Amino acid sequence: MDQQRLDSYQRGTSRDFNEHVLHKTILVGDSGVGKTSLLVQFDQGKFIPGSFSATVGIGFTIWDTAGQERFRSVTHAYYRDAQALLLLYDITNKSSFDNIRAWLTEIHEYAQRDVVIMLLGNKADVSNERVIRSEDGETLAREYGVPFMETSAKTGMNVELAFLAIAKELKYRALWHPDGPRFQIRDFVESQKKQPSCCSFS
Ligand code: GTP
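Residues numbered from 1 in each chain as written. Predicted model: local features only at pLDDT ≥ 70, side-chain atom pairs only at ≥ 80, totals over all residues. Heavy atoms only, no water.

By the naming in an unreviewed UniProt entry, the protein chain goes by small monomeric GTPase and is assigned to Canis lupus familiaris. Recorded in UniProt for the protein chain, the comment headed Catalytic activity (unreviewed entry) runs: "GTP + H2O = GDP + phosphate + H(+)". Quoted straight from UniProt, the Subcellular location (unreviewed entry) entry for the protein chain says "Endomembrane system". (UniProt positions renumbered as here; feature names shortened; annotations may be inferred.)

Description of the side chain of K24
Structurally, K24 can be placed in the loop between α1 (3-11) and β1 (25-28). The exposure class assigned to K24 is buried, which follows from its relative accessible area of 13%. Polar side-chain contacts of K24 include one of 2.7 Å to the side chain of D81. (Helix = DSSP H or I, 4+ residues; strand = E, 2+ residues; numbered from the N terminus. Buried < 20%, exposed > 50% of the residue type's maximum accessible area, 1.4 Å probe, protein only. Polar contact = N/O pair within 3.5 Å; in protein donor to acceptor, adjacent residues only side chain to side chain.)

Here's the deal with the side chain of N122
Turning to its location among the elements, N122 is positioned in strand β4 (residues 116-122). On the accessibility criterion, N122 (2% relative accessible area) is buried. Here T151 takes part through its side chain, which lies 3.0 Å from a polar atom of the side chain of N122. When neighbours within four sequence positions are excluded, N122 is seen to be in contact with V33, G34, L38, L88, Y89, D90, I91, T151, S152 and A153. (Contact = heavy atoms within 4.5 Å.)

A short note on the packing of helix α2 (residues 35-44) against helix α7 (residues 159-175)
Helix-helix packing: each pair is described by the crossing angle between the helix axes and the interaxial distance. Remark: α2 packs on α7, axes separated minimally by 9 Å, with the N-to-C direction vectors making an angle of 85°. It follows from the interaxial angle that α2 and α7 lie roughly perpendicular. Judged by residue contacts, L38, L39, Q41 and F42 of α2 engage V159, E160 and F163 from α7. Tallied by class, the residues present in the contact of α2 with α7 amount to five nonpolar, one polar and one charged. (Axes fitted to C-alpha atoms, helices over the stretch in contact; angles between N-to-C directions. Parallel < 35°, antiparallel > 145°, perpendicular 65-115°, else oblique. Nonpolar A, V, L, I, M, F, W, Y, C, P; charged D, E, K, R; others polar.)

Description of the environment of N93
Of note, N93 is situated in the loop between β3 (84-90) and α4 (94-98). Among the residues examined, N93 registers a relative accessible area of 27% and is labelled partly exposed. Separated by 38 residues in the primary sequence, N93 and V131 place their C-alpha atoms 6.6 Å from one another. A distance of 3.0 Å separates the side chain of N93 from the side chain of S95, its partner in a polar contact.

Thoughts on the nonpolar core
In terms of nonpolar packing, the biggest core is built from 24 residues, with L38, L86, M118 and L120 touching the most fellow members. Secondary-structure elements contributing two or more residues to this core are α2, β3, β4, α7 and α8 (185-192). Ignoring any residue separated from it by four or fewer positions in sequence, one finds M118 in contact with L85, L86, L87, P147, M149, A162, A165, I166, I185 and V189. Residues V28, L85, I100 and L119 belong to the second largest nonpolar core, which totals 23 residues. (Core = buried A, V, L, I, M, F, W, Y, C linked by side-chain atoms within 4.5 Å.)

Comments concerning unusual backbone geometry
Notably, K123 is not glycine yet its phi reads approximately 70°, a positive angle. With respect to the element layout, K123 can be found in the loop between β4 and α6 (134-144). With a relative accessible area of 25%, K123 lands in the partly exposed category. The backbone of N158 shows a phi angle near 65°, a positive value even though the residue is not glycine. When you line up the elements, N158 lands in the loop between β5 (148-150) and α7.

What to know about helix α5 (residues 100-110)
Within α5, the full set of buried residues consists of I100, W103, L104, E106 and I107. Taken down its axis, α5 places every buried residue within 165° of arc, on the same side. In this structure, α5 carries H108 and E109 as exposed residues pointing more than 90 degrees from its buried face. (Arc of directions from axis to C-beta.)

This is the structure:
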């Protein structure tokens, strides 16, 4: 793909983006970080407050996994044929952030080598209970070479962008020759993502 086509692809104005490519994306992270809520926000454009019963996996082309330990063996099977993973922590929950390294270790063990990974710091709307700074998420993501953004399944902030960026990356890989200029998912995310406002309270 030449640079001009790549540019229009990045802007989403390219005809190429209308081709259909099916892929499997799964959401992973500790219990309660908001995986199901994020998926519901993306799918239905709304936030349904309160806990869903712990998720085992729902009938959707994007798979949502349970964060609970007892479902781990089920999760391992999901990893194998996933092309992309949205890895979530909750910015108000330190252990969910600390566990990201363990999730990444597991992902590297069970997922495909070229799986697309994106780190998401969810619940960015709850600024008064924040315990993980945005910079900490950035630093961790940089260490693992993955794109990062903060999201809110409640307000919808960056939710569509997360799925769109994954879809663009996978579609790009499927449709074009690897020797051409590469779609830079991190640059795309950095140019499009919104930052939570510093002083808004949920
Ligand atoms: P498991 O299925 O147990 O793995 O949990 P999960 O990761 O799917 O989390 P779930 O979507 O069930 O959300 C857990 C709780 O956090 C619920 O009470 C949600 O309403 C709440 N929640 C999820 N995302 C957000 C968010 O972005 N902002 C706020 N304020 N609350 C959220």
